[in-house]
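# Fold and contact review
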Amino acid sequence: QVQLVESGGGLVQPGGSLRLSCAASGSFFSVYAMGWYRQAPGSQRELVAGITTDGSTNYADSVKGRFTISRDNAKNTVYLQMNSLKPEDTAVYYCNAGLGDFIKYWGQGTQVTVSS
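Residues numbered from 1 in each chain as written. Predicted model: local features only at pLDDT ≥ 70, side-chain atom pairs only at ≥ 80, totals over all residues. Heavy atoms only, no water.

## Regarding the overall build of the protein
What the protein contains, in helices and strands, is zero helices and eleven strands. What you see in the protein, going N to C, is helices and strands ordered as β-β-β-β-β-β-β-β-β-β-β. Rg of the C-alpha trace for the protein: 13 Å, near the compact-globule value of 13 Å for 116 residues, within the 12% margin. Expressed as lengths along the three principal axes of its C-alpha atoms, the size of the protein is roughly 40 × 25 × 25 Å. A burial count over the protein gives 40% of its 116 residues as buried. In the protein, 54% of the contacts between residues at least 6 apart in sequence involve partners at least 24 apart. Charge centroids of the protein, computed over 9 positive and 8 negative side chains, lie 3 Å from each other. (Helix = DSSP H or I, 4+ residues; strand = E, 2+ residues; numbered from the N terminus. Rg over C-alpha atoms; globule rule 2.2 N^0.38 Å. Buried < 20%, exposed > 50% of the residue type's maximum accessible area, 1.4 Å probe, protein only. Contact = heavy atoms within 4.5 Å. Lys, Arg positive; Asp, Glu negative; His and termini not counted. Charge placed at Lys NZ, Arg CZ, Asp CG, Glu CD.)

If you want it as structure tokens, here you go:
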């Protein structure tokens, strides 16, 4: 079992940056694939970025080149560095841990608002 707590969200101006953190507690953190999802009002939750156990990453086209996902297994933490933020990035961002096809854990989310 894994418990996830997101932090680092807030209000930022367009073009600004934020770094989100996801702190995990539980056993065998390093065996989980990790991801960041987001959900805007009236929209479906979508995958923003993912990172596998061996460090392979993937990104949504909308954030590619602006966002970077990373993990520090020694600290049981996953990060999402967000640069060049746009108003359309406004959403609640959720951390996810996955193992295989059916085991999924979710954090409670952190609000990111991009506005002038």
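The discussion continues.
## Some points on the state of the cysteines
The tally for this structure, following the rule as stated, stands at one disulfide. Shown here is the disulfide that connects cysteine 22 with cysteine 95, its sulfur atoms set 2.0 Å apart. Disulfide cysteine 22-cysteine 95: torsion about the S-S bond near -85°, hence left-handed. On the criterion of sequence distance, the pair formed by cysteine 22 in strand E3 (residues 18-26) and cysteine 95 in strand E9 (residues 91-99) is long-range, its members being 73 residues apart. Assigned by exposure class, cysteine 22 and cysteine 95 land together as buried. (Disulfide = S-S within 2.5 Å.)

## Points about the pattern of salt bridges
Across all of its chains, the model carries four salt bridges by this definition. Ionic pairing is found between aspartate 89 and arginine 38, a salt bridge with its closest N-O pair at 2.9 Å. Of the two residues, aspartate 89 is situated in the loop between strand E8 (77-82) and E9 and arginine 38 in strand E4 (residues 33-39); the sequence distance between them amounts to 51 residues. Across the pair arginine 66 and aspartate 89 runs a salt bridge whose closest N-O atoms are separated by 2.8 Å. One end of the pair, arginine 66, is in the loop between strand E6 (57-59) and strand E7 (67-72); the other, aspartate 89, is in the loop between E8 and E9, with 23 residues separating them in the sequence. (Salt bridge = Lys/Arg side-chain N within 4 Å of Asp/Glu carboxyl O.)

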